[in-house]
Amino acid sequence: MSLNLYNTLTREVSPFTSITPGKVGIYLCGATVQAPPHIGHIRSGINFDILRRWLLSSGYEVTFIRNVTDIDDKILHNAIHEEMPWWALAQKYERVFSAAYAQLNVMPPTYEPRATGHITQMVQLISHLIDRGKAYAVSNGDVYLDVRSLDSYLALSGQKLDDLQSAADGEASVKKNPQDFALWKSAKPGEPSWPTPWGDGRPGWHIECSAMAQAYLGEEFDIHAGGLDLIFPHHENEIAQSNGAGYPFAQRWLHNAWVTTAGEKMSKSLGNTLRIHELLKRVRGIELRWYLGSAHYRSMLEYSPDALDESAVNFRRVESFLKRAASSLGKLPELAIADEFAAAMNDDLAVPAALAVISELVRDGNNASTAKDSATLAIKAAQVRGALSVLGCDPWDSTWINSDAGLDEVISGLVTTLLAEREEARARKAFASADRIRDRITELGLTLEDTPDGPRWSR
Ligand SMILES: [Zn+2]
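Residues numbered from 1 in each chain as written. Predicted model: local features only at pLDDT ≥ 70, side-chain atom pairs only at ≥ 80, totals over all residues. Heavy atoms only, no water.

Asker: I tried to follow the overall build of the protein on my own but got confused; where do I start?
Answerer: Each helix and strand in the protein was counted, giving 16 helices and 15 strands. Overall, the protein is about 95 × 55 × 40 Å in size when its C-alpha atoms are taken along their principal axes. For the protein, buried positions account for 51% of its 459 residues. Seen as two clouds, the 46 positive and the 58 negative side-chain charges of the protein have centres 4 Å apart. (Helix = DSSP H or I, 4+ residues; strand = E, 2+ residues; numbered from the N terminus. Buried < 20%, exposed > 50% of the residue type's maximum accessible area, 1.4 Å probe, protein only. Lys, Arg positive; Asp, Glu negative; His and termini not counted. Charge placed at Lys NZ, Arg CZ, Asp CG, Glu CD.)

Asker: Where do I start with the coordination of the zinc ion in this structure?
Answerer: Perfect tetrahedral coordination of a metal by four donors corresponds to 109.5 degrees between them, and perfect octahedral coordination by six donors corresponds to 90 or 180 degrees. Protein-derived coordination of the zinc ion comes from Cys29 (SG), Cys209 (SG) and His234 (NE2), at a distance range of 2.0 to 2.1 Å. Mapped onto the polypeptide sequence, the residues donating to the zinc ion form the spacing pattern C-x179-C-x24-H. Of this pair, cysteine 209 sits in helix α5 (residues 205-217) while histidine 234 sits in helix α6 (residues 231-244), and the two are 25 residues apart along the sequence. By relative accessible area, which is 0% here, histidine 234 ends up buried. (Donors = N, O, S within 2.8 Å, 3.2 Å for Na, K, Ca; no water.)

Asker: What should I look at first to understand the packing of helix α11 (residues 339-346) against helix α12 (residues 351-370) in this one?
Answerer: When two helices pack together, their arrangement is given by the angle between their axes and by how far apart the axes lie. Orientation of α11 relative to α12, taken along the N-to-C sense of each, is 170°, at an axis distance of 8 Å. Looking at the two axes, α11 sits roughly antiparallel to α12. Side by side, α11 and α12 meet where Glu340, Phe341, Ala344 and Met345 of the first sit next to Val351, Ala353, Ala354, Val357 and Ile358 of the second. Class assignment for the residues of the contact of α11 with α12 results in eight nonpolar, no polar and one charged. (Axes fitted to C-alpha atoms, helices over the stretch in contact; angles between N-to-C directions. Parallel < 35°, antiparallel > 145°, perpendicular 65-115°, else oblique. Contact = heavy atoms within 4.5 Å. Nonpolar A, V, L, I, M, F, W, Y, C, P; charged D, E, K, R; others polar.)

Asker: What is the right way to look at the pattern of salt bridges in this model?
Answerer: When their charged atoms lie close together, side chains carrying opposite charge are able to pair. Considering all chains together, one arrives at 27 salt bridges under this definition. A salt bridge links arginine 114 to glutamate 94, with the shortest nitrogen-to-oxygen separation between them at 2.7 Å. Linking arginine 114 in the loop between α3 (86-103) and α4 (119-131) with glutamate 94 in helix α3, this pair joins segments that are 20 residues apart in sequence. According to the relative accessible area criterion, arginine 114 is partly exposed, its value standing at 38%. Under the relative-accessibility criterion, glutamate 94 is labelled buried at 12%. Here aspartate 348 ties to arginine 298 by a salt bridge, and the two come within 2.7 Å at their closest N and O atoms. Placement of aspartate 348 in the loop between α11 and α12 and of arginine 298 in the loop between α9 (285-292) and β13 (301-302) is noted, with a sequence separation of 50 residues between them. Linked through salt bridges whose partners overlap, the residues forming this network are Arg284, Glu287, Arg316, Glu319 and Lys323. (Salt bridge = Lys/Arg side-chain N within 4 Å of Asp/Glu carboxyl O.)

Asker: Got a minute to help me understand the packing of aromatic side chains in this structure?
Answerer: Here a ring pair, both rings aromatic, is described through the centre-centre distance and the interplanar angle of the planes. Applying the stated criterion across every chain, the model contains 13 aromatic pairs. Look at tryptophan 54 and phenylalanine 341: their rings are 5.9 Å apart centre to centre, the planes differ by 85°, and that puts the pair in the edge-to-face class. Taken as a pair, tryptophan 54 in helix α1 (residues 39-57) and phenylalanine 341 in helix α11 lie far apart in primary sequence, 287 residues in all. Judged by its relative accessible area of 3%, tryptophan 54 falls in the buried class. Taking relative accessible area as the criterion, phenylalanine 341 reaches 1% and is therefore assigned buried. Measuring from centroid to centroid gives 6.2 Å for tryptophan 86 and tryptophan 194, while their planes differ by 75°, and the two rings are edge-to-face. Of this pair, tryptophan 86 sits in helix α3 while tryptophan 194 sits in the loop between β7 (181-186) and β8 (201-203), and the two are 108 residues apart along the sequence. This pair shows no difference in class: tryptophan 86 is buried, exactly as tryptophan 194 is. What links up through ring pairs into an aromatic cluster is the set Phe221, Phe249 and Trp253. Between the NZ or CZ atom of lysine 265 and the centre of the ring of tryptophan 258, over which it lies, the distance is 5.3 Å. (Phe/Tyr/Trp six-rings, centres within 6.5 Å; stacked < 30°, edge-to-face > 60°. Lys NZ or Arg CZ within 6 Å of the ring centre and 35° of its normal.)

Asker: What should I look at first to understand the sheet that holds strand β6 (residues 143-145) in this one?
Answerer: The strands making up a sheet associate through backbone hydrogen bonding, with each pair oriented either parallel or antiparallel. Read from one edge to the other, the open sheet built from four strands follows the order β5-β6-β7-β8, with strand pairing classed as antiparallel. The outermost strands of the open sheet, each flanked by one partner alone, are β5 (135-137) and β8. Strand-to-strand, the axes of this sheet are offset by a mean angle of 20°, without reference to chain direction. Pairing analysis gives three bridges linking β5 to β6, with the strands arranged antiparallel. Along β6, the bridge assignment pairs alanine 135 with leucine 145. Contacts from α6 reach β6 and β7 within the one sheet, and its direction differs from that of β7 by about 85°. (Pairing = 2+ DSSP bridges.)

Asker: What's the story with the environment of alanine 295 in this structure? I'm lost.
Answerer: With respect to the element layout, alanine 295 can be found in the loop between α9 and β13. Judged by its relative accessible area of 13%, alanine 295 is buried. Taking the C-alpha atoms as reference points, alanine 295 and leucine 355, 60 residues apart in sequence, are found 9.6 Å from one another. Dropping the residues within four chain positions of it, alanine 295 is found in contact with Arg43, Met300, Leu301, Val351 and Pro352.

See the structure below:
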């Protein structure tokens with residue numbers, strides 16, 4: 001069975017075919033780097049990282065673009081508040097986002113363009129739209145897209161133009177239609193600006209993604225992804241700009257749902273408490289990733305501390321099966337894909353069904369282990385590890401091994417081995433050897449204590 005994916009544009013699940021056989025181009029709207037991320041932001045990164053990993057596992061070559069919006073009203077606003085230059089604020093939070101993605105094992109994008117690095121492409125695209133009669137500059141230096149000049153506008157969100165409120169950006173008095181939106185905003189005193197044929201100014205948010213997607217993926221590409229809240233106006237306007245310029249743009253649109261609390265999209269105040277570093281005090285990174293990836297990407301994920309804890313317990317059950325299997329097999333399990341897991345993932349990335357498959361594989365693996373059927377155990381363990389790898393949760397992935405928790409576990413394994421050798425040396429009265437082992441351990445900065453229950457160490 002091949003991959004079927006939902007398309008927001010057609011509102012149905014349909015077989016996925018890439019434009020170029022064997023290759024997939026994906027554009028994901030990345031962060032506006034105005035503040036640190038909360039789990040709602042990172043969920044989008046994880047959902048589409050799972051898509052990317054599944055495509056890779058299915059044999060595709062994937063070009064994955066995730067942009068950084070580093071110029072925006074909110075960045076300018078927060079920069080004043082934090083008393084630093086806007087570009088310094090943007091870089092500060094871009095780093096925090098990058099660290100959060102890395103901590104949760106989200107693969108780095110193939111390219112990660114910043115908006116401010118692509119002003120030339122934006123100005124070219126706007127000029128092209130003006131030449132084609134789809135956009136117009138007004139006397140103050142703003143440029144607007146003339147939404148009534150387009151054959152189809154609002155196909156993605158299914159709204160009617162006449163029902164639409166006027167676009168929030170720009171000045172109503174200078175626009176041809178109230179729904180026209182700004183491609184370029186004329187310079188305001190104290191704000192950053194770039195020179196253009198229409199005067200100094202800065203880009204509107206939507207034009208950034210149209211220009212960057214085209215720069216890296218061409219005039220037509222396979223998949224455009226983002227959060228549900230971006231369908232309108234952001235994605236609708238991206239389509240309007242790119243189609244208006246004569247480009248087919250994205251063939252398929254994928255949108256992930258939100259993390260909710262009490263049924264609502266995460267509020268700013270609550271978002272503060274659900275920052276990645278706060279939750280990493282409660283569970284390990286691999287467990288947080290497992291939790292954030294566990295719901296279907298189009299379903300809301302209702303956050304509660306209990307739900308997170310329960311999900312972490314479920315993950316540990318799978319993980320400990322794999323570790324027991326590794327020690328009884330005497331080697332790490334291979335990576336294999338079970339047919340049932342593939343069927344679930346090919347069904348519009350049905351992760352909940354895929355998790356049910358993993359539970360069954362673990363149960364079968366445990367039964368094989370009890371029956372001392374090591375051939376079956378090896379197969380089941382490989383299929384579990386393969387599934388975890390697609391979900392970004394393979395315990396032996398270097399991200400997790402190199403994390404603090406992973407490192408502690410590696411150290412713990414090594415120290416336990418050394419201590420066992422020391423005990424053995426003492427048992428055969430080779431005290432000099434035993435002391436040498438103890439000295440080596442303490443030289444490495446670990447504290448060793450002999451207790452009635454045996455030796456205990458700490459970092
Ligand atoms: Zn975007």
